[in-house]
Amino acid sequence: MDFSIPEELLEFRDSVREFARKEVRPSVEERDLNEVWDPAIWNKMGEMGLLGLPFPEEYGGQGADCLTTTIATEAFAEGSTDGGLTLAWGAHSIIGSMPIVLCGTEDQKRRYIPRLATGEWTAGLGLTEPGSGSDAAGSMRTTAVKKGDRYILNGSKMFITNGPIGDVFTVMAVTDKSKGAMGVSVFIVQKDFPGFKVGKKLRKMGMRTSTTSELIFEDLEVPEENLISKENSGFLRVGRATLEWERTVLVASGIGFMQFMLDEAVEYASKREQFGEPIIRFHAIQDKIAKARIKLDASRLLVYASAAKKDQGIPAPIESSIAKVYATEAAVETGYDMGQIFGGYCYIHEYPVERAYRDSRLGTLGGGTSEVMRSIIAANLSA
Ligand SMILES: Cc1cc2nc3c(=O)[nH]c(=O)nc-3n(C[C@H](O)[C@H](O)[C@H](O)COP(=O)(O)OP(=O)(O)OC[C@H]3O[C@@H](n4cnc5c(N)ncnc54)[C@H](O)[C@@H]3O)c2cc1C
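Residues numbered from 1 in each chain as written. Predicted model: local features only at pLDDT ≥ 70, side-chain atom pairs only at ≥ 80, totals over all residues.

Caption draft 1: Fine view of the domain arrangement of the protein. Assigned domains within the protein: domain 1 (7-118), domain 2 (123-232) and domain 3 (251-382). Taking the mean C-alpha position of each, domain 1 and domain 2 sit 23 Å from one another. With 25 residues of domain 1 at the contact, the number on the domain 2 side is 21 residues. Listing elements by their share of the side of domain 1 that touches domain 2, those giving two or more residues are α1 (7-34), α4 (83-96), α5 (98-103) and α6 (106-118). (Domains from an automatic or database assignment. Contact = placed C-beta atoms within 7 Å. Helix = DSSP H or I, 4+ residues; strand = E, 2+ residues; numbered from the N terminus.)

Have a look at this one:
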């Protein structure tokens, strides 16, 4: 057991945080308020190698492991204070692309991964539907029927990050209804396939610098060579392979927010005076600061440990559920407490703690809600 982070990784973390501070943070307030997606920043992320960070080098990626990608995501969120862009990045490089990287054929990897690595193409995941979220597999309505050398998909997907701007989506659809959740398959869908439509852009409480929409499939034609893995292996194989990537890397943005909010609150509380002294001298303020630091350290340990297990090839579905529920709830609680330290200013857009609080709210909902994470943990204990 070694809790130290190698020097090389610390240097990389610092370079990502610096990049985000310099290139992303200056415009985040305006982009958040006006819900602007910025392709220029996305291209710079591609040039820096971030968009293909966890992809193998032979397909144009950086070959980063899960822990490195997790730490880079945390640093990006902290430096940029841009939850939306961090989410778009995770949707692209983790949930949208890793199914191809981990379970795709050689031909699929060669056709898609190099262009996704540079950002020439942007990816997303189409799993959730208007009528199915937590019970994504069991209640799925989107179907895929084989006709000749193609699959014909009908249905729709809801809340899809990168939906309005994405080029390639990994989409789940029912191929064998009689098998329930085990009858779902995964397909690589391009926006230019006949029958693909993007629904209206959804306006959100937070993560407003990312784009979200419904995707609609009306007799969508997908060539058979775009089936990932085998028919009906969507959850058993593809979902399982990407699970811990999602529950570590995407969660890491909340850790970056926590660090940022804590640092800002300590600085503010040291300068802000009431009743003739800095508010940091008041026990109630110290209590919030200490609790935020405790939650931050605990979240880091849980998420890093889960990522390290992934890299060691040790399955960690329970540990990653624990890490997800703890770290995402800690980020929301920290947002509330650190905001409280700013008094009325925490309600004003100009203070980034306001945005960080709104952005972190998604963590307990997306990629499996806190309630679902707890039911997975409890079910495993009682099995
Ligand atoms: C901004 C945003 C971006 C998103 N991006 C994507 C994306 O890129 N791709 C994608 O596929 N999806 C995406 N999602 C969807 C997200 O993963 C779902 O919203 C989430 O899984 C919850 O599903 P639901 O909204 O249908 O809620 P429901 O499943 O309807 O849940 C409603 C409530 O019931 C509770 N509940 C449900 N089942 C149980 C249970 N068994 N035990 C206890 N409580 C339960 C839930 O915890 C919740 O409190 C995104 C969502 C948002 C808001």
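Right, picking up where we left off after that structure.
Caption draft 2: Up close: unusual backbone geometry. Residues other than glycine seldom take positive phi values, yet Asp219 does so here, at roughly 50 degrees. Topologically, Asp219 is positioned in strand β7 (residues 212-223). Exposure remark for Asp219: the 11 C-beta atoms within 10 Å place this residue in the exposed category. A positive phi angle, near 65 degrees, is found at Asn232, a position not held by glycine. Assessed through the 17 C-beta atoms surrounding it within 10 Å, Asn232 is described here as partly exposed. (Buried ≥ 20, exposed ≤ 12 C-beta atoms within 10 Å, placed from the backbone.)

Caption draft 3: Highlighting the pairing of β7. Across 9 bridges, strand β3 (residues 150-161) lies against β7 in antiparallel orientation. Counterpart to Arg150 in the pairing with β7 is Pro223. As paired strands, strand β6 (residues 196-201) and β7 are joined by 4 bridges and run antiparallel to one another. Bridging across to β7, Lys197 finds its partner in Ile216. (Pairing = 2+ DSSP bridges.)

Caption draft 4: Region of the structure containing α6. Over its 13 residues, α6 extends 19 Å from the first C-alpha to the last, a length consistent with the 18 Å expected when each residue adds 1.5 Å. At Tyr112, α6 is deflected by roughly 35 degrees, the largest bend along its length, and proline Pro114 occurs up to four residues later in sequence. All of the buried residues in α6 are Tyr112, Ile113, Leu116 and Ala117. Buried-residue contacts for α6 involve α5, β1 (123-126), β4 (168-174) and β5 (184-190). (Expected span 1.5 Å × (residues − 1). Bend = angle between axes of the 7 residues up to and from the residue.)

Caption draft 5: Main features of the pairing of β5. When you tally the buried positions in β5, you get 6 out of 7 residues, the bulk of the element. With 7 bridges connecting them, β4 and β5 associate as antiparallel partners. Its bridge partner being in β5, Phe169 is matched across the sheet by Val189. Note that β5 and strand β8 (residues 227-228) share 2 bridges and pair antiparallel. Directly across from Phe187, in β8, lies its bridge partner Leu227.

Caption draft 6: Broad picture of the site of the ligand. Taken together, 23 residues lie around the ligand, and Leu127, Gly133, Ser134, Thr369 and Glu371 are the ones closest in. Among the secondary structure elements, those contributing two or more residues to the shell around the ligand are β1, β3 and α12 (370-382). When residues of the shell around the ligand are assigned to domains, at least three fall in each of domain 2 (123-232) and domain 3 (251-382). (Near = placed C-beta within 6 Å.)

Caption draft 7: Fine view of the nonpolar core. Of all hydrophobic cores here, the largest spans 101 residues; its most connected members are Phe187, Met258, Met261 and Val303. Ranked by residue count, the leading element in this core is helix α8 (residues 252-271), at 10 residues. With sequence-adjacent residues up to four places away left out, Met261 is seen in contact with Thr334, Gly335, Met338, Val353 and Ala356. (Core = buried A, V, L, I, M, F, W, Y, C linked by C-beta atoms within 7 Å.)

Caption draft 8: Just the environment of Arg17, in detail. Structurally, Arg17 is set in helix α1. As for Arg17 and Phe76, which are separated by 59 residues in sequence, their C-alpha atoms are 5.1 Å apart.

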